[in-house]
Number of protein chains: 4
Amino acid sequence: MSSLRAHVYRIPADGPDDVAGVEALFAGGLAVKNVVAVLGKTEGNGCVNDFSRGYATRSFEDLFHRHGVDGVSTVMSGGTEGALSPHWTIFTRETVEAPGERALAIGASRTPVLPTHHLGRRQQVLLVADGVRMAMRDAGIDDPADVHFVQIKCPLLTSRRISEAEAAGATVATRDTLKSMGLSRGASALGVAVALGEVDEAEIADADIGIRFDLFSNCASTSAGVELIDHEIIVLGMSSQWSGPFAIDHAVMENAIDAHSVRRARERLPENSRLAAVLAKAEPDPSGKIGGKRHTMLDDSDISGTRHARAFVGGVLAGVFGITDLYVSGGAEHQGPPGGGPVAIIVEKET
Amino acid sequence: MSSLRAHVYRIPADGPDDVAGVEALFAGGLAVKNVVAVLGKTEGNGCVNDFSRGYATRSFEDLFHRHGVDGVSTVMSGGTEGALSPHWTIFTRETVEAPGERALAIGASRTPVLPTHHLGRRQQVLLVADGVRMAMRDAGIDDPADVHFVQIKCPLLTSRRISEAEAAGATVATRDTLKSMGLSRGASALGVAVALGEVDEAEIADADIGIRFDLFSNCASTSAGVELIDHEIIVLGMSSQWSGPFAIDHAVMENAIDAHSVRRARERLPENSRLAAVLAKAEPDPSGKIGGKRHTMLDDSDISGTRHARAFVGGVLAGVFGITDLYVSGGAEHQGPPGGGPVAIIVEKET
Amino acid sequence: MSSLRAHVYRIPADGPDDVAGVEALFAGGLAVKNVVAVLGKTEGNGCVNDFSRGYATRSFEDLFHRHGVDGVSTVMSGGTEGALSPHWTIFTRETVEAPGERALAIGASRTPVLPTHHLGRRQQVLLVADGVRMAMRDAGIDDPADVHFVQIKCPLLTSRRISEAEAAGATVATRDTLKSMGLSRGASALGVAVALGEVDEAEIADADIGIRFDLFSNCASTSAGVELIDHEIIVLGMSSQWSGPFAIDHAVMENAIDAHSVRRARERLPENSRLAAVLAKAEPDPSGKIGGKRHTMLDDSDISGTRHARAFVGGVLAGVFGITDLYVSGGAEHQGPPGGGPVAIIVEKET
Amino acid sequence: MSSLRAHVYRIPADGPDDVAGVEALFAGGLAVKNVVAVLGKTEGNGCVNDFSRGYATRSFEDLFHRHGVDGVSTVMSGGTEGALSPHWTIFTRETVEAPGERALAIGASRTPVLPTHHLGRRQQVLLVADGVRMAMRDAGIDDPADVHFVQIKCPLLTSRRISEAEAAGATVATRDTLKSMGLSRGASALGVAVALGEVDEAEIADADIGIRFDLFSNCASTSAGVELIDHEIIVLGMSSQWSGPFAIDHAVMENAIDAHSVRRARERLPENSRLAAVLAKAEPDPSGKIGGKRHTMLDDSDISGTRHARAFVGGVLAGVFGITDLYVSGGAEHQGPPGGGPVAIIVEKET
């Protein structure tokens, strides 16, 4: 009787081009073709002119190319503010001869190409919702309640794409390319919410995207990249078609200091288990306050608010988990409640 | 039978010049003359060109001047990175008709003027040690173990002071004015260590200051300011000559993610008590690693390492205490172990 | 026969609170009551959280208050990037017994209070246009061609003002307080353009403000401040009702590297004259290019584009004039052509 | 009769990985093997954590590798502050059948490996001086007065190199890796000065390097890179063994606003010529003043002084030359007078 089995590796990185630790895994016997996804924290500013992401992506493309493998989903999140540590998280899956037993499940999918004028609109939400459902099927997860984290890489608008769309008579959601990143992240997150039944698709209009932050998913983590025009979707959850020592759960931080919810989620996971990975989203509270007290993240013209938020929430989570190689990503539109965000926790049971 | 009684107020600030909350305290009956010290977190960069500190200091000077009071010790620490919230902590003391009963004690002192060529040297250490002993006596604390936090404002070198010293034939510890701030903070912290018996004064040579970080105080918090040429010292501890509901204890974070030590210190304080203030020091781990994992604070040429450290340790502490108006200050030479730092916790018992 | 006479002083500042140089002028005989305006360059970031401006303003308020004078227009522009030097420019006027002879003229005015819902709209344009005409009359300038620089301090929206306006049933131009600064600057600049006949008022609709940057004034320099709800207007130009050695002209930089236009304007002024002050606006070219070559100012998430622009245009102007205490201010909506800006040059003829 | 012929191409870059413009040159017939050197301006911060340099270097290595060429000297200078434009300058040389006629000459050399403990010391100066003489011979330049620019890529200390040197019983010049960059740049610049007879080698002691800035070269431009342990040297000058339309001269800016010297150098070059490239060094004036007026570059804890200097001097030079794709590099120890720096100008005569 066979089942699927996931493995999660957390590898330190000495720089955006340091893939030596991953190469060592391959040299040690890890089958390169089993790699489903790489989530990286790189040490750039995590904003527009962050070249550490592209540099890291290129380093991994070269690595996989050298091993004759392509199509691995590579998501680079810039910004290791505070004491966050640059690292790669490697997700693998393989078929093993063992009975299924409810374990960490990983599914992946890609959507069809997103028409440029659908970006940031209801159509993107629906396209992503379909993609999430497909990735759930790939992961062998039926019940949305078994999904704990959905990582999506989504497209953005460029001047050229806008021009082409307009030349074809279409109207885009925004002509501001930076703003298009937030819209795409937001629409993708709402796509997760729809697929998981967190938000009724009938409730979402074009005008809500990037505006009505009371609509959100508790499991979505989305980032926009210039290198694709469809969506790469990775679903992490629990499934009885899988086996092995890994398990996942998630918390929803209500605000940036909500360590309590995180600790409770950790306690729901098996006690005799080793922490394998923490994946979280962070953002400056849009209200300008946390617990009634003013923060200054949104008024700081020297340091972007996303950088403040990663540093601070990184500290909150490091205080809970005792490690610094945490995947804390910024830009959390419709991903968790405003000022809060989802936190996925993956553990490996001791055997 | 009379005793001394301390009170601690934590007041939000809407900006460096917003003293309205403190004025409201005065209007509500707080006697201005009872104010011993103001510790402020202001929202500048906390580095060289942080004008929020001077602006806040001026605002308080004007405030106290309007009330006919002067000589209040005012320590402004710049930098509310992450979700840290700008605020003032007001310390008062008064004599009350009530028996002493072991409570929060506050003492203050000023040292004689520090000769310019003593700054950053053993002589400064000894001068500060004497000042700390004097402040302990003022606080009615005999046992160094009852001291939990010593806040010191110390001088720095300016081009003019250096020139005058050299014209008089003296040699200064450094001609780099920025570096003089670290040396002065470090020597002052070692002065605390000597006064509290944490380090034997015979062990400290000029060359150790700013170098041998294995020598440190677990209770020192020092900051350099251009506006004084002596030292302002505030000692916080427990004394049986005092009364009232306030109590203090402290933790020593071994590194930036050591939430455990902080939680334990909180647990040593009365359970049925309200958090009144948290005072902490933070710094980037000079080893470049925390728990064996690389951090990037010291290699970031866009954001000063002290800013990263405050944001991150602010997050760790906010996760523990559930508030963001924490006094987290950077520049922790000889203040706690390298990469760690002291954390004082003040509570008010419910009555 | 009497005339008016202007004087312009350029005074170095050692910090936002250093008014010693101005006090020395007063001590040396300058009548404090003759001071019409202070334009300062302070060393903050020139963006939202720049406390150097407020600190400097307070220092000057205190200074004038000590001398029993109030109502002096004080405009603080933050940001001395590159080698720009913090300094104050002091403008004075007095009546002298001498015939008029075409010289630098200074006029000032304040508009009525701007209703909150007029900000960033056509009504603000018209209100400012009236104010500029009034300041021209005050300066004794009839011909708009004799106006060379109009400095305006205009209001912005705050959360409170927006709430009050909305409570009264009004709709504001934007609920984004930062964006309101740009709208107010832009509408004020268009007000100058209308008053000087550069743009026909019939051509300006609400929707053009902050959008149609082909509409602009070649003489406007506007900045928004939280401390006022009307407009402070200073007009600088030439008038035959004035006398004395000072003269003014202005250039319009077509883009950030247009040193040629600046040199030509300097050459139009008397040769045997000493440079008294240079007042300029700078902004990142919104096209993303200068002379067909890409710049990176608008994509830099570490340094605000306004800071880049001041540093660079500061360099261009310093290369032309050979001094670094230049008033180069950012945020140039409708002030000169997109990516370019007005440059006023004031000289003092040798006598 | 044959001679050597240089060509200089200035190619815009859309990002650190955009080598499309250079590929187009190759596709258009430029022989890849003729390329001697690539000097790039990339859009990172130009400081420690600037990944745009490594990313660009990798992109060029891949490009040359695809064309079967290696050993091309690639110098990436980070930082396009202000309106500086990211670009590549490509230097080629080939033998042509034409008589020599005094034209731009390019020579290259590599020194032997620098022993770790020689870095930042007199031995490095002498090693580089030999290398410069070798590159001059390669360029066919006999007279040091014909040398106008010497670009050097020099090594730096890493923790590992320091450990190995110390294990072998050697003492390094500094254990601070960042500081080693400045020392290596400075010693390399002094090596140029010795080779060109600007400074007598007998005058240079270990202790002068990084200290006695009155010793400097007017033609040196050096940058430290982690990827080499020897020196890559490129000499640009005039030689009668070369032919073709390119010519070079250089100015020495006495300080950051010295546009006059630059204009004079331009005037020494043929009038009917097109600007091909400008190569300059810039640094914050270590005196803290320019022309007696304070600058704030060295006190700014938000923006590195090197970034301010590039932005500002970029503006000065753009005002003179009317272009923004200028090679302005920071870190100018012993490269030109303190606060000033060398500026090489290459033109192509119209034919």
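Residues numbered from 1 in each chain as written. Chains lettered and ligands numbered in written order. Predicted model: local features only at pLDDT ≥ 70, side-chain atom pairs only at ≥ 80, totals over all residues. Heavy atoms only, no water.

A. Spotlight on empty space enclosed by the protein. For the structure shown, the criterion picks out eleven cavities of 30 Å³ or more. Lining the largest cavity are 24 residues, with A:D302, B:G44, B:N45, C:N45 and C:N49 sitting closest to its centre. Broken down by class, the residue content of the lining of the largest cavity amounts to two nonpolar, eleven polar and eleven charged. Within this model, the second largest cavity holds a volume of roughly 190 Å³. In this structure, the second largest cavity is lined by 20 residues; those nearest its centre are A:N45, A:N49, B:D302, C:D302 and D:N49. (1 Å grid on protein atoms, 1.4 Å probe; cavity = no way out; pocket = protein on both sides within 12 Å on 5 of 7 lines; lining within 4 Å. Points joined across faces, edges and corners; volume = space filled by probe spheres on them. Nonpolar A, V, L, I, M, F, W, Y, C, P; charged D, E, K, R; others polar.)

B. Representation of the interface of chain B and chain A within the structure. At the junction of the two partners, chain B supplies 37 residues and chain A supplies 37 residues. Between chain B and chain A the total buried area reaches about 2,900 Å² when both faces are included, carbon and sulfur atoms providing 55% of it. When the buried surface of chain B facing chain A is broken down by residue, B:K293, B:R294 and B:F312 rank first, second and third, together holding 23% of it. If you look at where chain B meets chain A, you find eight salt bridges. Note that A:D14 is salt-bridged to B:R294, the shortest N-O span being 3.8 Å. Put simply, chain B and chain A have 14 residue pairs in polar contact (both at pLDDT 80 or more) between them. Looking at the side of chain B that touches chain A, the elements that each hand over two or more residues are helix 6 (259–268), strand 13 (293–294) and helix 7 (305–321) of chain B. Among the elements that line the side of chain B that touches chain A, the one with the most residues is helix 7 of chain B, at nine residues. (Contact = heavy atoms within 4.5 Å. Buried area = accessible area lost by both parts, 1.4 Å probe. Salt bridge = Lys/Arg side-chain N within 4 Å of Asp/Glu carboxyl O. Polar contact = N/O pair within 3.5 Å; in protein donor to acceptor, adjacent residues only side chain to side chain. Helix = DSSP H or I, 4+ residues; strand = E, 2+ residues; numbered from the N terminus.)

C. Representation of the UniProt feature "site: Important for substrate specificity" (unreviewed entry) in chain A. Residues and elements named next belong to chain A. UniProt annotation of "site: Important for substrate specificity" (unreviewed entry) refers to T306 when read in the numbering used here. You can see T306 is positioned in helix 7 (residues 305–321). Given a relative accessible area of 23%, T306 falls into the partly exposed group. Reaching out from T306, the side chain makes a polar contact with the side chain of S304 at a distance of 2.8 Å. (UniProt positions renumbered as here; feature names shortened; annotations may be inferred. Buried < 20%, exposed > 50% of the residue type's maximum accessible area, 1.4 Å probe, protein only.)

D. Local environment of the relation of the copies chain B and chain D. In screw terms, the move from chain B to chain D is a rotation of 180° and a rise of 0.0 Å along the axis, fitting with an RMSD of 0.0 Å. Such a turn and shift between the copies fits a two-fold axis. When C-alpha distances to the rotation axis are compared across chain B, the minimum falls at B:D302, with a value of 3.4 Å. (Least-squares fit on C-alpha atoms with pLDDT ≥ 70 in both.)

E. Layout of the nonpolar core. Residues C:V132, C:L317, C:F321, C:I346, D:V132, D:L317 and D:I346 are the most contacted members of the largest nonpolar core, which totals 175 residues. When neighbours within four sequence positions are excluded, C:F321 is seen to be in contact with C:V262, C:R266, C:L275, C:V278, C:L326 and C:I345. A:A129, A:I248, A:L279 and B:A220 belong to the second largest nonpolar core, which has 174 residues in total. (Core = buried A, V, L, I, M, F, W, Y, C linked by side-chain atoms within 4.5 Å.)

F. Seen up close, the packing of helix 7 of chain A against helix 7 of chain B. Where helix 7 of chain A contacts helix 7 of chain B, the axes come no closer than 6 Å and their chain directions differ by 50°. Considering the angle they form, helix 7 of chain A stands oblique to helix 7 of chain B. The hand of the helix 7 of chain A/helix 7 of chain B crossing is right-handed. Contacts between helix 7 of chain A and helix 7 of chain B involve A:A311, A:F312, A:G314, A:G315, A:V316, A:A318 and A:G319 from the first element and B:A311, B:F312, B:G314, B:G315, B:V316, B:A318 and B:G319 from the second. The residue makeup of the contact of helix 7 of chain A with helix 7 of chain B, split by class, is eight nonpolar, six polar and no charged. (Axes fitted to C-alpha atoms, helices over the stretch in contact; angles between N-to-C directions. Parallel < 35°, antiparallel > 145°, perpendicular 65-115°, else oblique. Left-handed = near helix turned anticlockwise from the far one by under 90°.)

G. Representation of the UniProt feature "active site" (unreviewed entry) in chain A in the model. All names here are of chain A. UniProt annotation of "active site" (unreviewed entry) refers to K153 and S223 when read in the numbering used here. The largest pairwise C-alpha distance within this set of annotated residues, which runs over 71 residues, is 5.1 Å, so the set is compact in three dimensions. Its location among the elements puts K153 in strand 6 (residues 147–154). The contacts of K153, once residues within four sequence positions are left out, are T74, V75, S223, E227, L228, D230, H231 and E232. Within polar-contact distance, the side chain of K153 engages the backbone oxygen of T74 at 2.5 Å. Mapped onto the elements of the fold, S223 is located in strand 7 (residues 220–224). Judged by its relative accessible area of 17%, S223 falls in the buried class. Dropping the residues within four chain positions of it, S223 is found in contact with V75, Q151, I152, K153, C154 and R185.

H. Spotlight on the relation of the copies chain B and chain A. Overlay of chain B on chain A (RMSD 0.0 Å): rotation 180°, translation along the axis 0.0 Å. Of the interface residues in chain B, 100% have counterparts in chain A that sit at the interface too, so the contact is made through matching surfaces.

I. A look at the packing of helix 1 (residues 20–27) of chain C against helix 2 (residues 51–66) of chain C. Residue and element names in this part refer to chain C. Contact geometry of helix 1 with helix 2 gives a least axis separation of 11 Å together with a crossing angle of 20°. Comparing the axis directions of helix 1 and helix 2 gives the class roughly parallel. Our pair here, helix 1 against helix 2, has a crossing hand that is right-handed. Taken together, the residues of helix 2 that come into contact with helix 1 (itself represented by V22, E23 and F26) are F60, L63, F64 and R66. When the residues that make up the contact of helix 1 with helix 2 are grouped by side-chain class, the tally is five nonpolar, no polar and two charged.

J. Highlighting helix 2 (residues 51–66) of chain A. In this model, helix 2 of chain A (16 residues) spans 23 Å end to end at C-alpha, consistent with the 22 Å of a helix rising 1.5 Å per residue. Looking only at helix 2 of chain A, the buried set comprises A:F51, A:S52, A:Y55, A:A56, A:T57, A:R58, A:S59, A:F60, A:L63 and A:F64. Where the residues of helix 2 of chain A are buried, they touch helix 1 (20–27), strand 2 (35–42), strand 3 (73–78) and strand 4 (87–97) of chain A together with helix 2 (51–66) of chain D. Among the residues trailing helix 2 of chain A, A:G68 stands out with phi positive, at a value near 70°. (Expected span 1.5 Å × (residues − 1).)

K. Just the interface of chain B and chain D, in detail. Taken together, the contact pairs nine residues of chain B with nine residues of chain D. Taking both partners together, chain B and chain D bury about 770 Å²; carbon and sulfur atoms supply 35% of that area. Of all residues in chain B, the largest losses of buried area upon contact with chain D belong to B:N49, B:S301 and B:D302, amounting jointly to 55% of the total for that side. Run the count over chain B and chain D and you get eight residue pairs in polar contact (both at pLDDT 80 or more). Of the residues that constitute the side of chain B that touches chain D, the class distribution is two nonpolar, three polar and four charged.

L. Local environment of the sheet that holds strand 7 of chain A. Residue and element names in this part refer to chain A. The strand order across the open sheet built from four strands is 5-8-6-7, with neighbouring strands paired in mixed fashion. Strands at the two margins of the open sheet, each flanked by one partner only, are strand 5 (103–110) and strand 7. Each neighbouring strand pair of the sheet contributes to a mean axis angle of 15°, computed without reference to strand direction. Pairing of strand 5 with strand 8 (residues 232–239), which is carried by eight bridges, proceeds in the antiparallel orientation. By the bridge assignment for strand 8, A108 is matched with I234. Contacts from helix 3 (residues 122–139) reach strand 5, strand 6 and strand 8, with the element oriented near 135° to strand 5. Packed on one face of the sheet, helix 5 (residues 177–195) meets strand 6 and strand 7 and runs near 150° to strand 7. (Pairing = 2+ DSSP bridges.)

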